[in-house]
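Architecture at a glance
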Amino acid sequence: MNLIETLNAQNVKAEVPVIEIGSTVRVHIKVKEGSKERIQVFEGTVIAKKNGGVNETFTVRRISYGVGVEKVFPVHSPNVVKVETVRKGKVRRAKLYYLRERVGKAAKVAAF
């Protein structure tokens, strides 16, 4: 059991970004293309947070060219460079999966 705990402690980031459900975030991700490495930004609404510790993830949803796109990001991944909060949303749910059925302005989360 100590081996698992030491491996988890090595992979946990020192500063964990504050991610709240319903807020609009901008996630900066390292993308490798061949020998080059660049940072790509994915902006959207946080619709879910799962697990805890090293396995903690959050799901970000956005509409791109009329198609809903969701990405799941591990919080402690070395490829997630930075998470910026653009604006906070006022929600009363832990998971915002109901936004998947909504279209247009109905898919927006009210500002806090």
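Each remark here, short or long, concerns the structure printed above.
Residues numbered from 1 in each chain as written. Predicted model: local features only at pLDDT ≥ 70, side-chain atom pairs only at ≥ 80, totals over all residues. Heavy atoms only, no water.

Tallying secondary structure elements over the protein gives one helix and five strands in all. Each helix (α) and strand (β) of the protein, taken in turn from the N terminus, gives the series α-β-β-β-β-β. Viewed in the frame of its principal axes, the protein has a C-alpha envelope of about 50 × 35 × 20 Å. Buried positions account for 29% of the 112 residues belonging to the protein. (Helix = DSSP H or I, 4+ residues; strand = E, 2+ residues; numbered from the N terminus. Buried < 20%, exposed > 50% of the residue type's maximum accessible area, 1.4 Å probe, protein only.)

What follows concerns the pairing of strand β1 (residues 24-33). The side chains of a regular strand alternate, first on one face of the sheet and then on the other. Here β1 runs beside strand β2 (residues 36-50); their pairing, made up of ten bridges, is antiparallel. Each bridged residue has a counterpart across the sheet, and for H28 the counterpart in β2 is V41. Once β1 ends, the chain turns through two residues before running back antiparallel as β2, passing G34 with a positive phi of about 70 degrees. (Pairing = 2+ DSSP bridges.)

Here the phi dihedral of N51 falls at roughly 60 degrees; this positive angle occurs in a residue that is not glycine. Relative to the elements of secondary structure, N51 occurs in the loop between β2 and β3 (57-64). The backbone phi angle of Y65 is positive, close to 55 degrees, even though this residue is not glycine. Residue position: Y65 is located in the loop between β3 and β4 (67-74).

This next bit is on the environment of H76. If you trace the backbone, H76 turns up in the loop between β4 and β5 (80-87). Sequence spacing of H76 and V103 is 27 residues, and the spatial spacing of their C-alpha atoms is 32 Å. When neighbours within four sequence positions are excluded, H76 is seen to be in contact with N11, V12, K13, V16, G53, V54 and E56. (Contact = heavy atoms within 4.5 Å.)

Pairing between β2 and β3: five bridges, direction antiparallel. Directly across from K49, in β3, lies its bridge partner F58.

Before going further, it helps to spend a moment on the packing of aromatic side chains. Enumeration over the complete set of coordinates arrives at two aromatic pairs. Aromatic pair F58 and F73: ring centres 5.6 Å apart, planes at 35 degrees, arrangement tilted. Taken together, the positions of F58 in strand β3 and F73 in strand β4 put the pair 15 residues apart, joining distant regions of the chain. Through a chain of ring-to-ring contacts, three or more aromatic side chains come together here, namely F42, F58 and F73. The ring centre of F42 lies 5.3 Å from the NZ or CZ of R62, which sits over that ring. (Phe/Tyr/Trp six-rings, centres within 6.5 Å; stacked < 30°, edge-to-face > 60°. Lys NZ or Arg CZ within 6 Å of the ring centre and 35° of its normal.)

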